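Report on the structure
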Amino acid sequence: MPGKTPDKEPVENGGYRGGKDIADKDLKPKGKKASKKDDDDEMTVVVPPSKTQKQSSAPLPNDAEGDVTMDDAEGEPKADPVAQTINDIKSDFAHLDRAVALFDARFTLRALRSISSIRKRLTPDILAQVIAETYTPSSAGAPFAKQMLQAIGRPDVSLGRQPGQEMEIDSEPKAAGKNGAKKETKEAIPEVDVFLGILTQVLLHDAKQVRRGFEFSQVLVERIRSLNRRTLDSLAAKVYFYYSLFAEQTTPVPPSPQSPVVSIRPTLLAALRTAVLRKDIDTQAAVIVLLLRNYLSTSHISQADLLVSHTQFPENAANNQVARFLYYLGRTRAIQLRYTEAHEHLTAATRKAPSSACALGFSQTATKLLLVVELLMGDIPDRATFRQPTMETALHPYFLLVQAVRVGNLEDFETIIADHADTFRRDGTYTLILRLRQNVIKTGIRMMSLSYSRISLRDICIRLHLGSEETAEYIVAKAIRDGVIEATLDREKGFMKSKEVGDVYATREPGEAFHDRIRACLALHDESVKAMRFPMNQHRLELKNAQEAREREREMAKEIQEGELDEDDLGGDFDAM
Amino acid sequence: MADRELTTLLTRLKSTPTLPYAETTSLLSRAKLLLLKLNALTPSPTTPPNLLTLARDIYEQGALGSIRARDAAAFTRYVAQLRPFYELQRYSPNNKDGGERNKITGLYLLLLLTQGLYAEFHSELEALSGEGGLDEVEGDRYLGYPIRLERWLMEGSYDRVWKAMKRGEVPCEEFGVFSEILTSQIRSEIASSSERAYPSLPLASTKSLLFLDSEGAVVEFARARGWTVRDGTIYFPDTSGTSAAGETAEKEKELSLMVIENTLGPYYF
């Protein structure tokens, strides 16, 4: 296996060594540095469409993504995108092969990561061609391959086709020969089946063929369940993700109880059970998150709560899954009025959210919820949150809301709710925001208690637009009991008298806030230490070195004894021997 | 055969709501046995619609009956049993008859409210607002009532709660069952806020404050809560002053313990 590595490199590098000429006008270097995809060192080259007839159906790579590596673009001839995409997919097969051979999930992850770049160029024809070249009619995966072809709407493509004409011209003869040879000698491993399945899902999803995608996903999930291979784990997680995504988009969409999301629950739960038994962390984390999302989409809060209390979210799950899990957990807790916990989870979720632009939606949603929870807890969110350029517009309604709550203006509050009801409903924060009414009243009372040493209940009633003085009296009394304000009421004369406000620094509050921060820092430190990776078997290497050293010493000692070596030749500390 | 018998049972249950609870339960258990024979005790998509409606009506009668008999546990059980029926029927196109769904759900919400199960209350509310708009839910006669009560209770507008329970505002007689519990609940809420908010209160205004009928009742209530009544005025025990000495010492100790823990905690525990 390791021997393959050198010849595989060109394929990995996006096949820009491929031999086909492309007219200069098509090159159009964008003058941008190629974007680095995740941790991969390879530069992905996306070439603008050329003249092959396949292009008619290919989605045009938009200009922002049409990065061309400058150094290579000038002299070297270009491969056309179809062949190159095919090469990219095939290079992922090699990754998968290596993942299985070395039993290292990192290669599988690398293959999965490349999906996002392949995705933009993927067409049914490309995929059909890859499938046709990967399977022979007699191979074990052939029925499955047929199903894939069916799903992408190319049922008449016959299997076992040798690498197509373009392929042979395009790519370096050696690479093509190697690919061809490999196929003849070797059956496609299940990982490749599933990987192609995922590509099919992606393709159907991008083409908005939801129902067909859902049906195909069911087949794919069945296939995954029949296989028991640890190297499939991270692929399986992806498959379940798309499976549930399709279910969500199939009409009737949630929250209708007839939506397919309800019907896929047993499958997901079974997958979770299997994943736990097999210690399959990837699938376990993914499926728990999917189930939570599923329950929340139909507002089954108690089920979501039960799921959380009966499962244990894997500790070393992928960061993104942890962030999602924390978000859904925070949401559940917020609905259950457990604001402190909700706040904790949501803060962690926003911090763990990837900072790249592709996850902006998640950060926004989580931040919105976090803001509402903070308000419900009686805190006023930081002004800086609203100033972040990526969030500013999305958070605007919430900004207005915070302003109303901060001032304690009930009238403003009601108008903002009415004006932005649709936004809040879409964000799923509407019911939570309705609960804020009492906070607005409390803040209003607190503001008044701070500004006046004595104020009549009638004035309070007018300022806060409460129904009657009686109502005002009850509300103020409750606020006093809840510790919102320090004041006393006088019933006969009908006023509220504020007590002097104490010094915050005399209380334990600053100490607690300080301690909280220290704890957060220490937790971060611990997590960072845990997240570090160490090369496998490194210690054995050291052991081996030590053994060799000992061996040498022994030899020397022997030589000394035999008098062949002078003691002076050696270091002084050798006396100890 | 069996379903005809069920229908007669159901009409008997419906026509005589004043039936003693023991009798109702015996009728209900007979009905449930019949349902079991018809394989309709738990609903499934294949159950014929008329049987589904019949079974649902039986359970609804059971739920209402148990509320009248103030049997909260039985009511909760019936609500749980009814839920799949509602889920099945709501989205079947040829069924316009929703049964007493809103009434039962409203009663259930009120029950959760009186038991102080706010988390469940809000989960239920979230589920309701998830399917239809929240405005629609609030506008409903049965569902809007507990939602409004909850909001007022949280806010502290106890007089509104009181008015809602008194002046024929109660949507139907079953809801009245909870009034008693709610009254004592808000009374103790008011009492505990008054203890902190007022230094003293005249008996007469306490009467109106606590919605009690006579001054004698006020004195009794004051005694039960340990308030001192002198010259027609109630003096609340000074909660902050009484055990001050002991408490401060306790606090001091707690504070120093906390400081030690916070300083050493991260390194030694």
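Position numbers for residues start from 1 in each chain and track the written sequence from start to end. In the order they appear in the text, chains get letters beginning with A and ligands get numbers beginning with 1. The predicted origin of the model limits local features to residues at a pLDDT of at least 70 and limits the giving and counting of side-chain atom pairs to 80 or more, whereas totals for whole chains, interfaces and linings rest on all residues. Hydrogen atoms and water are omitted, and side-chain values are computed over all heavy atoms in the structure.

Things to note about the pairing of strand E2 (residues 487–490) of chain A
Residue and element names in this part refer to chain A. Whether a residue is buried, partly exposed or exposed follows from its accessible area with a 1.4 Å probe, protein chains only, as a fraction of its type maximum: under 20%, in between, or over 50%, in that order. Each helix is a run of H or I in the DSSP string that is no shorter than four residues. Each strand is a run of E no shorter than two, and both are numbered from the N terminus. Here E2 shows one buried face, formed by Ala 487 and Leu 489, and one open face, formed by Thr 488 and Asp 490. Only when DSSP finds a minimum of two bridges between them are two strands counted as paired. With four bridges joining them, E2 and strand E3 (residues 495–498) adopt antiparallel strand pairing. By the bridge assignment, Thr 488 is partnered in E3 with Lys 497. Connecting E2 to the antiparallel partner E3 that follows it, the hairpin turn spans four residues, and Gly 494 within it adopts a positive phi of roughly 70°.

Considerations on the interface of chain B and chain A
In what follows, a contact means two residues having at least one pair of non-hydrogen atoms within 4.5 Å. Between chain B and chain A, the residue contacts involve 43 residues of the former and 38 residues of the latter. In total, chain B and chain A occlude about 3800 Å² of area from one another, counting both sides; carbon and sulfur atoms represent 57% of this. In the sections that follow, a salt bridge refers to a side-chain nitrogen of Lys or Arg positioned within 4 Å of a carboxyl oxygen of Asp or Glu. The tally of links between chain B and chain A comes to two salt bridges. Residue A:Arg481 is joined to B:Glu189 by a salt bridge in which the shortest nitrogen-to-oxygen separation is 3.3 Å. Residues adjacent in sequence count toward polar contacts only when both atoms are side-chain atoms; beyond that, a polar contact is any pair of N or O atoms within 3.5 Å, and within protein one must be able to donate a hydrogen and the other to accept it. Along the contact surface separating chain B from chain A lie ten residue pairs in polar contact (both at pLDDT 80 or more). Broken down by element, the side of chain B that touches chain A gets its largest block of residues, eight residues, from helix H6 (residues 118–131) of chain B. A breakdown of the residues in the side of chain B that touches chain A according to their chemical character gives 19 nonpolar, eleven polar and 13 charged. Reported buried area values correspond to the accessible surface (1.4 Å probe) lost by two parts on association, with both partners' losses combined. Three classes are used: nonpolar for Ala, Val, Leu, Ile, Met, Phe, Trp, Tyr, Cys and Pro, charged for Asp, Glu, Lys and Arg, and polar for all others, with Gly counted as polar.

Let's talk about the nonpolar core
Core analysis: the largest hydrophobic core is formed by 206 residues, its most contacted members being A:Ile89, A:Ile131, A:Leu196 and A:Tyr240. Once residues within four sequence positions are removed from consideration, A:Leu196 is found in contact with A:Ile89, A:Phe93, A:Leu127, A:Val130, A:Ile131, A:Thr134, A:Tyr135 and A:Met148. Remark: nonpolar core denotes a set of buried residues (Ala, Val, Leu, Ile, Met, Phe, Trp, Tyr, Cys) joined through side-chain atoms within 4.5 Å.

A few points about unusual backbone geometry
At A:Lys279, a residue that is not glycine, the phi angle is positive and equals roughly 55°. Structurally, A:Lys279 can be placed in the loop between helix H14 (265–277) and helix H15 (281–297).

Some details on the pattern of salt bridges
All names here are of chain A. All chains considered together, the criterion is met by 24 salt bridges over all chains. Across the salt bridge formed by Lys 90 and Glu 133, the nearest N and O atoms sit 2.4 Å from each other. Of the two residues, Lys 90 sits in helix H4 (residues 81–102) while Glu 133 sits in helix H6 (residues 124–134), which places them 43 residues apart along the sequence. Residue classification places Lys 90 among the buried positions, given a relative accessible area of 8%.

Structural notes on the packing of helix H19 (residues 360–376) of chain A against helix H20 (residues 396–407) of chain A
Residue and element names in this part refer to chain A. Comment: axis = line fitted to C-alpha atoms, over the contacting stretch for helices; angle = value between 0 and 180 degrees taken between N-to-C directions. Packing of H19 against H20 brings their axes to within 11 Å, and their N-to-C directions diverge by 5°. Considering the angle they form, H19 stands roughly parallel to H20. Two secondary-structure elements touch here, H19 through Lys 368, Leu 371, Val 372 and Leu 375 and H20 through Tyr 398, Leu 401, Val 402 and Val 405. For the contact of H19 with H20, the class distribution of residues is seven nonpolar, no polar and one charged. Angle categories are assigned with fixed cut-offs, so that under 35 degrees is roughly parallel, over 145 is roughly antiparallel, 65 to 115 is roughly perpendicular, and the rest are oblique.

Re the domain arrangement of chain B
Residue and element names in this part refer to chain B. Partitioning chain B into structural domains gives domain 1 (1–90), domain 2 (100–177) and domain 3 (199–268). Across the boundary between the two partners, domain 1 contributes 14 residues, which contact 13 residues of domain 2. Both faces combined, the contact of domain 1 with domain 2 buries some 1400 Å², and carbon together with sulfur accounts for 67% of it. At the junction of domain 1 and domain 2, the tally comes to one salt bridge. A salt bridge links Glu 124 to Arg 83; the nearest nitrogen and oxygen atoms lie 3.3 Å apart. Mapped by element, the contributors of at least two residues to the side of domain 1 that touches domain 2 are helix H3 (49–68) and helix H4 (72–90). Here the side of domain 1 that touches domain 2 takes eight residues from H4, the largest share from any one element. The residue makeup of the side of domain 1 that touches domain 2, split by class, is eight nonpolar, one polar and five charged. Domain delimitation in this document rests on an assignment produced automatically or drawn from a domain database.

What to know about the pairing of E3(A)
One ladder, built from three bridges, connects strand E1 (residues 454–456) of chain A with E3(A); its direction is antiparallel. If you follow A:Arg454 over to E3(A), its bridge partner there is A:Lys497.

Some details on the sheet that holds E2(A)
All names here are of chain A. Within the open sheet, the three strands sit side by side as E1-E3-E2. Their pairing is antiparallel. Among the strands making up the open sheet, the edge pair consists of E1 and E2. For this sheet, the mean angle separating the axes of adjacent strands, direction not counted, is 20°.

A word on the packing of aromatic side chains
Here the aromatic set is Phe, Tyr and Trp, taking the six-membered ring for Trp, and pairing holds for ring centres within 6.5 Å; pairs whose planes are under 30 degrees apart are stacked, those over 60 apart are edge-to-face, and all others are tilted. Applying the stated criterion to the full structure yields 15 aromatic pairs over all chains. Geometrically, the ring pair formed by B:Phe75 and B:Tyr108 is tilted, given 6.5 Å between the ring centres and 45° between the ring planes. Here B:Phe75 is found in helix H4, whereas its partner B:Tyr108 is found in helix H5 (residues 101–114), with 33 residues between them in sequence. Across the pair, exposure class does not vary: B:Phe75 and B:Tyr108 are buried alike. On the numbers, 4.4 Å between centres and 10° between planes, the contact of B:Trp162 with B:Phe211 is stacked. Note that B:Trp162 is positioned in helix H9 (residues 158–166) and B:Phe211 in the loop between helix H11 (203–209) and helix H12 (215–225), a separation of 49 residues in sequence. What links up through ring pairs into an aromatic cluster is the set A:Tyr474, B:Tyr158, B:Trp162 and B:Phe211. In our convention, an over-ring charge means Lys NZ or Arg CZ found within 6 Å of a ring centre and within 35 degrees of that ring's normal. Directly above the aromatic system of A:Phe241 lies the positively charged group of A:Lys238, at a separation of 5.8 Å from the ring centroid. The lysine or arginine in question, A:Arg454, covers the ring of A:Phe495, its NZ or CZ lying 4.4 Å from the ring centre.

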